[in-house]
Amino acid sequence: MTSLTVSGRVAQVLSSYVSDVFGVMGNGNAYFLDAAEQLGLRFSPVRHEGAAIAAADAYYRASGRLAAGTTTYGPGYTNALTALAEAVQAQIPVLLVTGDAPTSGARQQDVDQAAIAAGLGAATFTVTRDAAGAITRQAVEYALTRRTAVVLAIPYDLGALEAADEELPEPSAPQVTHDGGTDLGQVARLLAGARRPLVLAGRGAHLAGAGPELRELADRLGALTAGTALALNLLNGEGYLGVAGGFGTDTAAGLMGEADVVLVAGASLSPFTLRFGHLLGPDATVIQIDTALQPTNPRVDLFVSADVKTAAGGLLQLLDVGASGDSWRAEARRRLAEGPAHHPGSDVTGDGRLDPRALATALDAVLPERRTVVQDGGHFIGWAPMYWNIPRPQDLVMVGTAFQSIGLGLASAVGAARALEDGRTLVLASGDGGFLMGLADLESLIGTARSAIVVIYNDAAYGAEIHQYGSQGLTEKPMLIPEVDFSGVARALGAESAVIRSLSDLAALQDWIDAGAKGTFVADCRITSSVRAPWLTEWMASKATQAVVAG
């Protein structure tokens, strides 16, 4: 091998797996970034280290391709921890390449970075001079096979030293090892005997590429289908009910509650998906197929540890009978047509600000049809999956929901914008509180995106807290945010922008789209805080019930 530094060897091995790196340069990663640049890796600078991993995370969610984030040691590393925790909890493979204490021992300014990562559930791989390449490859393959975030640490005194020669084999793709075995026979018998079957897909089914097999399986059974928010429209077609959980309609939820056999494919069955225990009927048989080693929810009656695509293909071989649930689909079509859809919102609110539901409906008609939507966390989070057309699962990137954080939206938009290669427009939905947390990376987005629209649900408050705690009579003073002119900030940084106080003000956005939708447009939408999202109402009711039971 050609003589390389330790940092160069790390970058060389990474270049077999990644094309994009996001981060901020500092003492601990300067040599790595220099080597990455020489190897042709594309570096997208962000303005806060907290954005490095969030951008790499969103890049993966939007494209299915691995990316890396990078920071310096110490404060650069600790700044990235919230996004690192999100990636771990969301099971997103991503690498944080960071500096670390020198091999001679920790300095006064060093912290135990490996211990901090372990506390978040992330493994740390620390490179050595003798095996920098092998350890880098081990870290990458760990991230990919376990679907998790990994820290790859370069000790400060090794980064610029010459690395030892290593003979490394070509990387191999992760192999699927679980096929479900004989458990699939029992699953097939249960599905064949169902009168009202339901197939519920999650992000695991999308990542496995199992959509075609699951749709064919549902058609063969005459089953209704649904998806979690992260598998939106994966099973779209005849019998599709939409999103399971608080983002779905009550009519669809009622139909799901009548299913007698539910096949859950690659979904963890979170409390939000299950409407806090109220989605599925008490007598329904719940089958879960997932790459986890055990059921992820007590509601599961039969669990199969398997790759979803492989298992669905096996079920198709076992189920050669025609659909027996055509009447079930016909009834669903009738009830969905007759039942209420999402509330359209109001033209007038008590405080004169926009109803977020009416705004979301109007935005859906204005936004480019080819769109990838990124969402920050916050009270507004349901409006896009409820009211916007989002064609594919990878077109809804929700970074922050697993860890229930806000403030990662702008960083995520940078990663997703970099991942888009097919002319789609990136659309970021954010609240004003989360937007202010990540404001530094508005500049990063403007510098990265070919076409991006930022929708800020600006209610001059932390909306979720207003509804949860203001409604209990707690003082709202800490929950309020002085109204920020995000439009003015955006223009100062080089974006087009407008304040949206009425639906007619969306004409400015429409004009920008009609002119080619080039660059970044920020829509500062002044919404009311008086409208509570249905998912939050469900969550609050669940908490109240738990409190009564505990009392």
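Residues numbered from 1 in each chain as written. Predicted model: local features only at pLDDT ≥ 70, side-chain atom pairs only at ≥ 80, totals over all residues. Heavy atoms only, no water.

Pulling in residues and values, what's your account of the overall build of the protein chain?
The secondary structure content of the protein chain amounts to 22 helices and 18 strands. The C-alpha radius of gyration computed for the protein chain amounts to 24 Å, which stays within 12% of the reference 24 Å derived for 551 residues, consistent with globular compactness. With respect to the principal axes defined by its C-alpha atoms, the protein chain has extents near 70 × 60 × 55 Å. Look at the contacts in the protein chain between residues 6 or more apart in sequence, and 77% of them connect residues 24 or more apart. (Helix = DSSP H or I, 4+ residues; strand = E, 2+ residues; numbered from the N terminus. Rg over C-alpha atoms; globule rule 2.2 N^0.38 Å. Contact = heavy atoms within 4.5 Å.)

Tell me about the sheet that holds strand β9 (residues 240-243), and please be specific about residues and values.
The strand order β9-β8-β7-β10-β11-β12 describes an open sheet built from six strands, whose pairing is parallel. A strand with exactly one partner marks an edge of an open sheet, and here the two such strands are β9 and β12 (302-305). Between one strand axis and the next, the sheet turns through 15 degrees on average, direction left out of account. Note: strand β8 (residues 224-227) against β9, two bridges, orientation parallel. Pairing of Thr225 across the sheet is with Tyr240, part of β9. Across the sheet, helix α10 (residues 211-221) is in contact with β7 (197-201), β8 and β10 (261-265); its angle to β7 comes to roughly 170 degrees. (Pairing = 2+ DSSP bridges. Axes fitted to C-alpha atoms, helices over the stretch in contact; angles between N-to-C directions.)

Any chance you could break down the packing of helix α1 (residues 6-14) against helix α7 (residues 132-146) for me, citing the residues and the numbers?
Running from N to C, α1 and α7 cross one another at 40 degrees; their axes reach a closest spacing of 8 Å. In terms of orientation, α1 and α7 fall into the oblique class. For the pair α1 and α7, the sense of crossing is right-handed. For the pair α1 and α7, the contacting residues are Val6, Arg9, Val10, Val13 and Leu14 in the first and Ala132, Gly133, Thr136, Arg137 and Val140 in the second. Class assignment of the residues belonging to the contact of α1 with α7 gives a composition of six nonpolar, two polar and two charged. (Parallel < 35°, antiparallel > 145°, perpendicular 65-115°, else oblique. Left-handed = near helix turned anticlockwise from the far one by under 90°. Nonpolar A, V, L, I, M, F, W, Y, C, P; charged D, E, K, R; others polar.)

I'd love a proper account of helix α2 (residues 30-38), names of residues and values included.
An α-helix turns once per 3.6 residues; consequently, residues spaced three or four apart project the same way. Looking at α2, one finds that the buried residues are Phe32, Leu33, Ala35 and Ala36. Down the axis of α2, the sector holding all buried residues measures 160 degrees, keeping them to one side. Away from the buried face of α2 by more than 90 degrees, exposed residues Tyr31, Glu37 and Gln38 are located. Elements in contact with the buried residues of α2: α1, β1 (20-23), β2 (42-45), β3 (68-71), β4 (94-100) and β6 (149-155). (Buried < 20%, exposed > 50% of the residue type's maximum accessible area, 1.4 Å probe, protein only. Arc of directions from axis to C-beta.)

Can you lay out the packing of aromatic side chains for me, pointing to particular residues and giving the numbers?
A full pass over the atoms with the stated rule returns nine aromatic pairs. Ring geometry for Phe125 against Tyr142: centres 5.4 Å apart, planes inclined by 65 degrees, an arrangement best described as edge-to-face. Note that Phe125 is positioned in strand β5 (residues 123-126) and Tyr142 in helix α7, a separation of 17 residues in sequence. Positioned above the aromatic ring of Tyr73 is the side chain of Arg107, whose terminal nitrogen or guanidinium carbon lies 4.6 Å from the ring centre. (Phe/Tyr/Trp six-rings, centres within 6.5 Å; stacked < 30°, edge-to-face > 60°. Lys NZ or Arg CZ within 6 Å of the ring centre and 35° of its normal.)

Can you explain the nonpolar core? Please cite residues and give values.
Judged by nonpolar contacts, the single largest core of 76 residues is most densely connected at Leu214, Trp388 and Tyr457. With residues up to four places along the chain from it excluded, the contact list for Leu214 reads Val199, Ala201, Ala205, Leu235, Ala265, Val308 and Ala312. (Core = buried A, V, L, I, M, F, W, Y, C linked by side-chain atoms within 4.5 Å.)

Requested: an account of the pairing of β1, with residues and values cited.
Of the two faces of β1, both are covered, the one formed by Asp20 and Phe22 as well as the one formed by Val21 and Gly23. In this structure, β1 lies alongside β2, joined through four bridges in parallel fashion. Each residue of the ladder has a partner; that of Phe22, found in β2, is Ser44. In this fold, β1 hands off to α2, which returns the chain to β2; that crossover is right-handed. Two elements, β1 and β3, share three bridges in a ladder whose sense is parallel. When the sheet's bridge partners are listed, Val21 is paired in β3 with Ala68. (Right-handed = clockwise from strand over helix to strand, strands pointing away.)

Which residues make up the environment of Arg371, and what values go with them?
By the secondary structure assignment, Arg371 is in strand β13 (residues 371-375). Sequence spacing of Arg371 and Thr103 is 268 residues, and the spatial spacing of their C-alpha atoms is 47 Å. Excluding its chain neighbours within four sequence positions, the residues that come into contact with Arg371 are Asp364, Trp388, Asn389, Pro391, Asp395, Arg424, Thr425 and Val427. For Arg371, the side chain forms a polar contact with the main-chain oxygen of Pro368, separated by 2.8 Å. Engagement of the side chain of Arg371 in a polar contact is seen with the backbone oxygen of Asn389, the distance being 3.3 Å. (Polar contact = N/O pair within 3.5 Å; in protein donor to acceptor, adjacent residues only side chain to side chain.)

Can you break down unusual backbone geometry residue by residue, with the values?
A positive phi angle, near 50 degrees, is found at Arg275, a position not held by glycine. Residue placement: Arg275 occurs in the loop between β10 and β11 (285-290). Residues other than glycine seldom take positive phi values, yet Phe276 does so here, at roughly 55 degrees. Tracing the backbone through its elements, the reader meets Phe276 in the loop between β10 and β11.

Explain helix α3 (residues 50-63) residue by residue, including any values.
Over its 14 residues, α3 runs 21 Å from end to end, which matches the ideal 20 Å to within 8%, given 1.5 Å per residue. Within α3, 13 of the 14 residues are buried, which leaves the element mostly enclosed by the surrounding structure. One or two steps after α3, the chain reaches Gly64, where phi turns positive at roughly 80 degrees. (Expected span 1.5 Å × (residues − 1).)

How would you explain the packing of α3 against helix α16 (residues 409-419) if you had to name every residue and give the values?
Where α3 contacts α16, the axes come no closer than 7 Å and their chain directions differ by 40 degrees. Between α3 and α16, the angle falls in the class oblique. Considering only the axes of α3 and α16, their crossing is right-handed. Facing α3, whose interface residues are Ala51, Ala54, Ala55, Ala58, Tyr59, Ala62 and Ser63, α16 presents Ala411, Ser412, Gly415, Ala416, Arg418 and Ala419.

Break down the pattern of salt bridges for me, with residues and values.
Opposite charge on two side chains allows them to pair when their charged atoms are near. Here the structure, examined in full by the defined rule, presents 27 salt bridges. When the shortest N-O distance is used, the salt bridge between Arg65 and Glu421 registers 3.4 Å. Of this pair, Arg65 sits in the loop between α3 and β3 while Glu421 is found in the loop between α16 and β15 (425-431), placing the two residues 356 residues apart along the sequence. On the basis of relative accessibility, which here comes to 31%, the residue Arg65 falls in the partly exposed class. (Salt bridge = Lys/Arg side-chain N within 4 Å of Asp/Glu carboxyl O.)

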